[in-house]
Amino acid sequence: MDVLERIDKIVKENRTVLFMKGTPQFPMCGYSSRVAAALESCETEFAFVNVLQDPEIFENLPRYADWPTFPQLYVGGELVGGCDITLELYERGELKGLVSGDAAQAS
Amino acid sequence: MSERIDMLRTRLTEALEPTRLDIIDQSAAHAGHEGAKGGGGHYVVTIVSAAFAGLPLLKRHRLVYAAVGEAMKDEIHALSIRAYAPDESIPN
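Residues numbered from 1 in each chain as written. Chains lettered and ligands numbered in written order. Predicted model: local features only at pLDDT ≥ 70, side-chain atom pairs only at ≥ 80, totals over all residues. Heavy atoms only, no water.

1. Things to note about the environment of Gln72(A)
Residue and element names in this part refer to chain A. Defined as follows: Segments assigned H or I by DSSP are reported as helices when at least four residues long, segments assigned E as strands when at least two residues long, and all are numbered from the N terminus. Residue contacts are counted whenever heavy atoms from the two residues lie within 4.5 Å of one another.
Its place among the elements puts Gln72 in strand β3 (residues 72-75). C-alpha separation for the pair Gln72 and Pro24, spaced 48 residues apart in sequence, amounts to 14 Å. Dropping the residues within four chain positions of it, Gln72 is found in contact with Val17, Leu18, Phe19, Leu61, Pro62, Trp67, Leu79 and Gly81.

Right, dumping it as structure tokens:
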């Protein structure tokens, strides 16, 4: 399978998925760490992909959604954003609703 | 790495005509960690521009990334973006 198809499959098959450096338990980057912690505080299940363990995804994810940096959070098949956006949604109290599907989809 | 800051300032100024632009170099705080081994810099950009008015966060960040362009691939490891329209208050 082509790597972009593989990424697309991951994004479509997981309601909430975080592409990050390391894992939620052992994050390898401060930005990934903060996003994973924010998601965990929402008490919802989320999938994650450790991009440091998957060089093909690491190389190609930036062109999948034309977003140059990690981490990247996807909900409902759509890119939510990276660390800044996720944390801003968290601080506004909107992240939990977004990932749990309670609120209207963020624009 | 002030050349990178100059490059960021030039590109962002040309593309977005900001009324305020602060760029902080945080590279030293991240040096040596696993995720930064590519060697690119870490920067925090606070930018106020009329170009962001009415846009959701994702689109504001896309405008900034587009302005920085190719440098996002290697020279810039991480760019923390705080993008506001002129009539929005900036949190500390």
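2. What to know about the interface of chain A and chain B
The condition is simple: Accessible area, probed at 1.4 Å, shrinks when two parts are joined; the buried area is that loss added up over both. By salt bridge we mean one thing: a side-chain nitrogen of Lys or Arg within 4 Å of a carboxyl oxygen of Asp or Glu. Here a polar contact means two N or O atoms within 3.5 Å. Within protein one must be a hydrogen donor candidate and the other an acceptor candidate, and residues neighboring in sequence count only if both atoms are side-chain atoms.
Taken residue by residue, the interface counts 18 residues in chain A and 18 residues in chain B. When the two sides are added together, the surface that chain A and chain B hide from each other amounts to roughly 1,600 Å², 63% of it contributed by carbon and sulfur. Considering only the surface of chain A that becomes buried against chain B, Tyr31(A), Trp67(A) and Asp84(A) emerge as the three largest contributors, covering 33% of it. For the interface between chain A and chain B, the tally reads zero salt bridges. Remark: the boundary between chain A and chain B carries five residue pairs in polar contact (both at pLDDT 80 or more). Mapped onto the side of chain A that touches chain B, the elements with two or more residues apiece are β4 (78-81) and α4 (83-91) of chain A.

3. Focus: the packing of α4(A) against helix α3 (residues 57-68) of chain B
Going by this rule: Fitted lines through C-alpha atoms serve as axes, helices being fitted only where they are in contact, and the angles separating the N-to-C directions of these axes extend from 0 to 180 degrees. Angle categories: roughly parallel below 35 degrees, roughly antiparallel above 145, roughly perpendicular from 65 to 115, and oblique for all the rest. We call a crossing left-handed when the near helix sits turned anticlockwise from the far one by less than a right angle, and right-handed when that turn is clockwise.
Packing of α4(A) against α3(B) brings their axes to within 10 Å, and their N-to-C directions diverge by 155°. By the angle between their directions, the pair α4(A) and α3(B) is classed as roughly antiparallel. For the element pair α4(A) and α3(B), the recorded crossing hand is right-handed. Each of Asp84(A), Ile85(A) and Glu88(A) in α4(A) lies in contact with α3(B), whose residues at this interface are Leu57(B), Leu58(B) and His61(B).

4. Describing the sheet that holds strand β2 (residues 47-50) of chain A
The pairing of strands in a sheet comes from backbone hydrogen bonds and takes either a parallel or an antiparallel form. All names here are of chain A. Stated formally: Any two strands with at least two DSSP bridges between them are considered paired.
What the four strands build is an open sheet, ordered β2-β1-β3-β4; its pairing is mixed. Two strands close off the open sheet at either side, each with one partner strand: β2 and β4. Recorded for the sheet is a direction-independent mean angle of 25° between the axes of neighbouring strands. For β3 and β4, the ladder comprises three bridges, and the chain directions are antiparallel. If you follow Val75 over to β4, its bridge partner there is Glu78. The sheet contacts of helix α2 (residues 30-41) involve β1 (16-20) and β3, and relative to β1 the element is tilted by about 160°.

None of this, on its own, says anything about what the molecule does.
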